Amino acid sequence: MEHIAVAQDNDVLVVAPATANLLASFAHGLADDFLTTLYLAFTGPVVLAPAMNTAMWQHPATQANLETLRRRGHRIIEPEDGFLACGTIGPGRLAEPERIASAVMAELRRRSDLEGETVLVTAGPTQEALDPVRYISNRSSGKMGYALAEAAAARGAKVILVSGPVHVQAPRGVAVIPVRTAREMRTAVFENLERATVVVKAAAVADFHLTEIPAQKVKKTAARLTLELDPTPDILAELGRKKGDRLLIGFAAETENLEREARRKLETKNCDMIVGNLVSDTSGFDADDNEVLLVLRTGESIAVPRASKRAIADRILDESLKLRLALHSAHER
Ligand code: CTP
């Protein structure tokens, strides 16, 4: 069968230009012609370069389909602004061939560059109980950590995902270890550390907790309630002390002084890279997109412009592999 044979014989599926109809068919799994059946039969990376009228591009239906395809891990090459065949001016023009070609080359490089690696990722928030029914936590959605786990698995790594309570679906082929508290996360991380060659600490771990949790629900008796909290174990700092040869990547979510804080955490926690992001209403917690600053052990900093968390995840992995090579060759010299 032709569509199966073509799917098996090729490394990347590129559709350029991708029409609104094509995006809708791919998003919903319709398979009524050669290309759409080929898509369902194809298990490798997919690159889509949409081109269409501006209103069609901006239509909520098209944008929802794009979101579905991005979440699936496909690379969308955004159309450019300009004169369109229909006579209007705006976004919708097919990206320049150079941009499409370089996206395809990046996909080819990534295909199996993590084979043989075991990547341990932590994701999501932790919840620290105050009594049997209440807890303190934070706004982390887990999306960045899950995107990293998905990207690493797609690139051939064995992935162990230690996850706080989130509402994100587990990526295909990834073993998820669910945890709730910082202490549980610490235990799960150190139980699985031996096998890991790369550790990515994307979780937003609570910094304080109640050591003695009341056995019964706290009653509203007093006019004011004061909580006395103790620090949780700093898992990343402990990983830094027991680092060995593995690559250690931490995160820093900040509201100000991003570069300075990220570099401070890199040094105090003995990491190879800190992924810093400024938390705002549109980026950071719970958003689908992100914009990050990578602060590296070599002294270099790399600003990664806004993109989907999945695309950011691939960039973090690209830079981690480059960093490891740079650190190895510096060590040998
Ligand atoms: N982290 C951790 N264990 C903790 C706290 C944080 O492993 N108890 C890790 C996070 O997973 C993240 C990094 O440390 O990779 C930075 O977390 P962040 O909350 O930004 O830093 P803190 O060390 O808590 O520093 P501060 O509160 O001063 O910002």
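Note that the structure is predicted; figures quoted are calculated from it, not measured.

### Things to note about the overall build of the chain
Step number 1: When you go through the chain residue by residue, the secondary structure sums to 11 helices and 17 strands.
Step number 2: Radius of gyration (C-alpha) of the chain: 22 Å, near the 20 Å computed for a compact globule of 333 residues.
Step number 3: Dimensions of the chain, computed from the C-alpha atoms along their principal axes, are close to 70 × 60 × 40 Å.
Step number 4: Considering the chain as a whole, with its 333 residues, one finds that 48% of them fall into the buried category.
Step number 5: In the chain, of all internal contacts separated by at least 6 residues, the share reaching a separation of at least 24 is 64%.
Step number 6: Accessible area of the chain: about 17400 Å², with a carbon and sulfur share of 52%.
Step number 7: Between the mean site of the 41 positive side-chain charges and the mean site of the 44 negative ones, the chain shows a separation of 5 Å.

### Examining helix 2 (residues 20-28)
A turn of α-helix holds 3.6 residues, and therefore any two residues three or four places apart point the same way.
Step number 1: Considered for burial, the residues of helix 2 that qualify are Ala 20, Leu 22, Leu 23, Ser 25, Phe 26 and Ala 27.
Step number 2: Residues of helix 2 that are buried in the fold lie against strand 1 (13-18), helix 3 (34-41), strand 2 (46-50), helix 4 (54-58) and helix 5 (60-71).

### So, the packing of helix 1 (residues 2-9) against helix 3
Step number 1: Running from amino to carboxyl end, helix 1 crosses helix 3 at an angle of 50°, the nearest separation of the two axes being 8 Å. What the angle tells us is that helix 1 and helix 3 run oblique. Viewed along their axes, helix 1 and helix 3 form a crossing whose handedness is right-handed. Here Glu 2, His 3, Ile 4, Val 6 and Ala 7 of helix 1 come into contact with helix 3, specifically with Phe 34, Thr 37, Leu 38 and Ala 41.

### With respect to a nonpolar patch on the surface
Step number 1: On the surface, Phe 208, Val 218, Leu 225, Leu 227 and Leu 229 cluster together to form a nonpolar patch covering roughly 440 Å² of accessible area.
Step number 2: Mapped onto the secondary structure, Phe 208 falls in strand 12 (residues 208-209).
Step number 3: Judged by its relative accessible area of 44%, Phe 208 falls in the partly exposed class.

### Quick look at the site of the ligand
Step number 1: If you check the shell around the ligand, you find 17 residues, and the closest are Lys 201, Ala 203, Phe 251, Lys 265 and Lys 269.
Step number 2: Backbone polar atom of Ala 203 to an oxygen atom of the ligand: 2.7 Å apart, as the coordinates give it.
Step number 3: In this structure, Thr 232 approaches the ligand through a side-chain N or O atom, which is 3.3 Å from a nitrogen atom.
Step number 4: A total of 570 Å² of accessible area belongs to the ligand in isolation, and the protein chains cover 79% of it.
Step number 5: Within the residue set of the shell around the ligand, elements represented by two or more residues are helix 9 (235-241), strand 14 (247-254) and helix 10 (258-268).

### Things to note about the nonpolar core
Step number 1: Formed by 35 residues in total, the largest nonpolar core has its most connected members in Leu 148, Leu 294 and Ile 316.
Step number 2: For this core, the leading source of residues is helix 7 (residues 143-154), giving 7 residues.
Step number 3: Apart from residues no more than four positions distant in its own chain, Leu 148 is found in contact with Val 121, Val 200, Ala 202, Phe 251, Ala 313, Ile 316 and Leu 317.
Step number 4: Ala 196, Ile 235, Ala 252 and Leu 266 belong to the second-largest nonpolar core, a separate cluster that totals 23 residues.

### Let's talk about the packing of helix 2 against helix 5
Step number 1: Between helix 2 and helix 5, the shortest axis-to-axis distance is 9 Å and the interhelical angle comes to 50°. Relative to helix 5, helix 2 is oriented oblique. Classified by chirality, the crossing of helix 5 by helix 2 is left-handed. Contacts between helix 2 and helix 5 involve Ala 20, Leu 23, Ala 24, Phe 26, Ala 27 and His 28 from the former and Thr 62, Asn 65, Leu 66, Thr 68 and Leu 69 from the latter.
Step number 2: Split into classes, the residues belonging to the contact of helix 2 with helix 5 amount to 7 nonpolar, 4 polar and no charged.

### Quick look at the sheet that holds strand 17 (residues 301-308)
Step number 1: What the 8 strands build is an open sheet, ordered 10-9-6-11-14-15-16-17; its pairing is mixed. Whereas interior strands pair on both sides, the edge strands pair on one side only; in this sheet they are strand 10 (175-178) and strand 17. For this sheet, the mean angle separating the axes of adjacent strands, direction not counted, is 20°.

### Some details on the pattern of salt bridges
Step number 1: By the definition in use, this model includes 26 salt bridges.
Step number 2: Between Glu 319 and Lys 322 there is a salt bridge, with its nearest N and O atoms 3.3 Å apart. In this pair, Glu 319 and Lys 322 are both assigned in helix 11 (residues 309-332), 3 residues apart and thus about one turn of the helix distant.
Step number 3: Among the residues examined, Glu 319 registers a relative accessible area of 6% and is labelled buried.
Step number 4: Each of Arg 75, Glu 107, Arg 110, Asp 113, Glu 150, Arg 155, Arg 310, Asp 314 and Asp 318 takes part in a single network of salt bridges with overlapping partners.

### Quick look at the domain arrangement of the chain
Step number 1: Here the domain parsing of the chain yields domain 1 (2-111) and domain 2 (118-332).
Step number 2: The distance between the C-alpha centroids of domain 1 and domain 2 comes to 32 Å.
Step number 3: Summed over both partners, the interface of domain 1 with domain 2 comes to about 700 Å²; 36% of that surface belongs to carbon and sulfur atoms.
Step number 4: By the criterion of area lost to domain 2, the three top residues of domain 1 are Arg 71, Arg 75 and Arg 110, representing 62% of everything that side buries.
Step number 5: One salt bridge in this structure joins Arg 75 and Asp 314, with 2.6 Å as the shortest N-O distance.
Step number 6: Across the domain 1-domain 2 interface, the total number found is 2 residue pairs in polar contact (both at pLDDT 80 or more).
Step number 7: Here the side of domain 1 that touches domain 2 gets 3 residues from one element, more than from any other, and that element is helix 5.
Step number 8: Across the side of domain 1 that touches domain 2, the residue classes break down as no nonpolar, 1 polar and 7 charged.

Procedures and definitions
Residues numbered from 1 in each chain as written. Predicted model: local features only at pLDDT ≥ 70, side-chain atom pairs only at ≥ 80, totals over all residues. Heavy atoms only, no water. Helix = DSSP H or I, 4+ residues; strand = E, 2+ residues; numbered from the N terminus. Rg over C-alpha atoms; globule rule 2.2 N^0.38 Å. Buried < 20%, exposed > 50% of the residue type's maximum accessible area, 1.4 Å probe, protein only. Contact = heavy atoms within 4.5 Å. Areas by Shrake-Rupley, 256 points an atom, 1.4 Å probe, with all protein chains shown as cover. Lys, Arg positive; Asp, Glu negative; His and termini not counted. Charge placed at Lys NZ, Arg CZ, Asp CG, Glu CD. Axes fitted to C-alpha atoms, helices over the stretch in contact; angles between N-to-C directions. Parallel < 35°, antiparallel > 145°, perpendicular 65-115°, else oblique. Left-handed = near helix turned anticlockwise from the far one by under 90°. Patch = residues over 30% accessible without salt bridge, like charges linked within 9 Å, V, L, I, M, F, W, Y side chains within 5 Å. Salt bridge = Lys/Arg side-chain N within 4 Å of Asp/Glu carboxyl O. Near = heavy atom within 4 Å. Polar contact = N/O pair within 3.5 Å; in protein donor to acceptor, adjacent residues only side chain to side chain. Core = buried A, V, L, I, M, F, W, Y, C linked by side-chain atoms within 4.5 Å. Nonpolar A, V, L, I, M, F, W, Y, C, P; charged D, E, K, R; others polar. Pairing = 2+ DSSP bridges. Domains from an automatic or database assignment. Buried area = accessible area lost by both parts, 1.4 Å probe.

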